[in-house]
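Residue-level structural notes
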Amino acid sequence: MVFATNAYSHLIPELRRKQVPAWTYMIATEPLSDRHFAEIRWQERNGVEDARNLIHYYRITPDNRLSMGGGPVGLTYGDNLELDSSEHAWRHLEEHTRQLFPALQDVKITHRWGEPFSVTMDLTPALGYLGDSRAVYSLGCIGHGVSTTHQNAKTITDLLLERRTGNTACPFVNRKGIGWPPEPLRSAIAQGLRAYLRIEDWAYERRPRPIDSVV
Ligand SMILES: Cc1cc2nc3c(=O)[nH]c(=O)nc-3n(C[C@H](O)[C@H](O)[C@H](O)COP(=O)(O)OP(=O)(O)OC[C@H]3O[C@@H](n4cnc5c(N)ncnc54)[C@H](O)[C@@H]3O)c2cc1C
């Protein structure tokens with residue numbers, strides 16, 4: 001049996017302390033015109049991300065929308081899983097998009113989206129056996145979660161087949177980790193962690209950027 005239940009894992013008693021759900025948000029614009037592409041000079045359609053703790057990432061969709069996500073992270077108390085909407089986060093993403101691409105001031109934002117993801121207390125993925133070797137769990141795929149889940153799938157296969165491989169030797173596997181405490185301490189720690197990451201981003205973004213010095 002595999003528990004790859006991401007942000008819902010705390011609802012499973014054996015996994016309750018291993019992760020908390022946090023919410024992340026995205027927006028997408030209407031399809032961009034040729035004029036917009038010429039102005040922003042984004043010819044190769046590469047995905048882009050910045051170097052913040054609470055990263056921003058940008059990508060052109062197959063139908064030529066600019067999709068953008070990251071920034072503010074939502075937290076809830078206890079087992080509450082209702083934070084799919086965040087006006088504050090969406091506004092932040094819209095403002096950053098227009099700040100980074102002044103040529104897109106007139107472009108409409110047509111999509112807003114939010115969902116939970118799984119966070120361990122040390123912000124590191126965790127997977128391994130749950131009790132004996134018949135059940136495996138995987139959670140905490142934050143940051144570059146999709147690529148981590150692909151790698152974890154290979155590791156889960158090795159664990160289920162009880163093979164010792166390079167995958168199962170990864171430090172994420174069967175690690176002790178630090179468990180999240182019960183509420184209200186859990187929320188206090190999560191809010192503290194988020195505040196630290198936000199303050200560091202804020203302090204870094206206040207520094208003059210090389211481009212400002214040139215101008
Ligand atoms: C808005 C947003 C933007 C993101 N952007 C990126 C990005 O740009 N790049 C990136 O790498 N990652 C991104 N991520 C993170 C990435 O999506 C996740 O890390 C990844 O999908 C986790 O995969 P998973 O297989 O662990 O869990 P999921 O894909 O969430 O799958 C978990 C499954 O378990 C099911 N489940 C839960 N509980 C139960 C239960 N009790 N019984 C049965 N089924 C259950 C759920 O329905 C779900 O289908 C983003 C996430 C969000 C929400």
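Scroll up to find the structure this text is about.
Residues numbered from 1 in each chain as written. Predicted model: local features only at pLDDT ≥ 70, side-chain atom pairs only at ≥ 80, totals over all residues. Heavy atoms only, no water.

1. Points about the site of the ligand
Taken together, 14 residues form the shell around the ligand, and within it N6, Y57, C141, G145 and V146 come nearest. Between the ligand and C141, the relevant distance is 2.9 Å, taken from an oxygen atom to a main-chain nitrogen or oxygen of the residue. G145 is positioned such that a nitrogen or oxygen atom in its backbone is 3.0 Å from an oxygen atom of the ligand. Considering the ligand on its own, with 1000 Å² of exposed area, one finds that the protein chains cover 56% of that surface. Of the pockets mapped on this structure, the ligand occupies the largest pocket. Of all the secondary-structure elements, those providing two or more residues to the shell around the ligand are β2 (20-29), β7 (109-119) and α3 (145-160). A class-by-class count of the residues in the shell around the ligand yields seven nonpolar, six polar and one charged. (Near = heavy atom within 4 Å. Polar contact = N/O pair within 3.5 Å; in protein donor to acceptor, adjacent residues only side chain to side chain. Areas by Shrake-Rupley, 256 points an atom, 1.4 Å probe, with all protein chains shown as cover. 1 Å grid on protein atoms, 1.4 Å probe; cavity = no way out; pocket = protein on both sides within 12 Å on 5 of 7 lines; lining within 4 Å. Sits in = over half its atoms within 2 Å of the grid points. Helix = DSSP H or I, 4+ residues; strand = E, 2+ residues; numbered from the N terminus. Nonpolar A, V, L, I, M, F, W, Y, C, P; charged D, E, K, R; others polar.)

2. A few points about a nonpolar patch on the surface
On the surface, V2, L160 and L161 cluster together into a nonpolar patch covering about 240 Å² of accessible area. Relative to the helices and strands, L161 is located in the loop between α3 and α4 (185-206). Classification of L161 as exposed rests on a relative accessible area of 51%. (Patch = residues over 30% accessible without salt bridge, like charges linked within 9 Å, V, L, I, M, F, W, Y side chains within 5 Å. Salt bridge = Lys/Arg side-chain N within 4 Å of Asp/Glu carboxyl O. Buried < 20%, exposed > 50% of the residue type's maximum accessible area, 1.4 Å probe, protein only.)

3. Some words on the pattern of salt bridges
All chains considered together, the criterion is met by eleven salt bridges. Linked by salt bridges that have partners in common, R35, E39 and D106 make up one network.

4. Quick notes on the side chain of T155
In this structure, T155 sits in helix α3. What makes T155 buried here is its relative accessible area of 3%. Sequence-distant contacts of T155, defined by excluding residues within four places in its chain, comprise L127, N167, T168 and V173. (Contact = heavy atoms within 4.5 Å.)

5. Examining the sheet that holds strand β1 (residues 2-3)
Whenever strands of a sheet pair, they do so through backbone hydrogen bonds, lying parallel or antiparallel. Read across the open sheet, the three strands follow the order β1-β9-β8; overall the sheet is mixed. Strands at the two margins of the open sheet, each flanked by one partner only, are β1 and β8 (126-129). When β8 meets strand β9 (residues 136-139), the two strands line up antiparallel, connected through four bridges. Paired with A126 across the bridge in β9 is L139. (Pairing = 2+ DSSP bridges.)

All we've got here are geometric facts, nothing functional implied.
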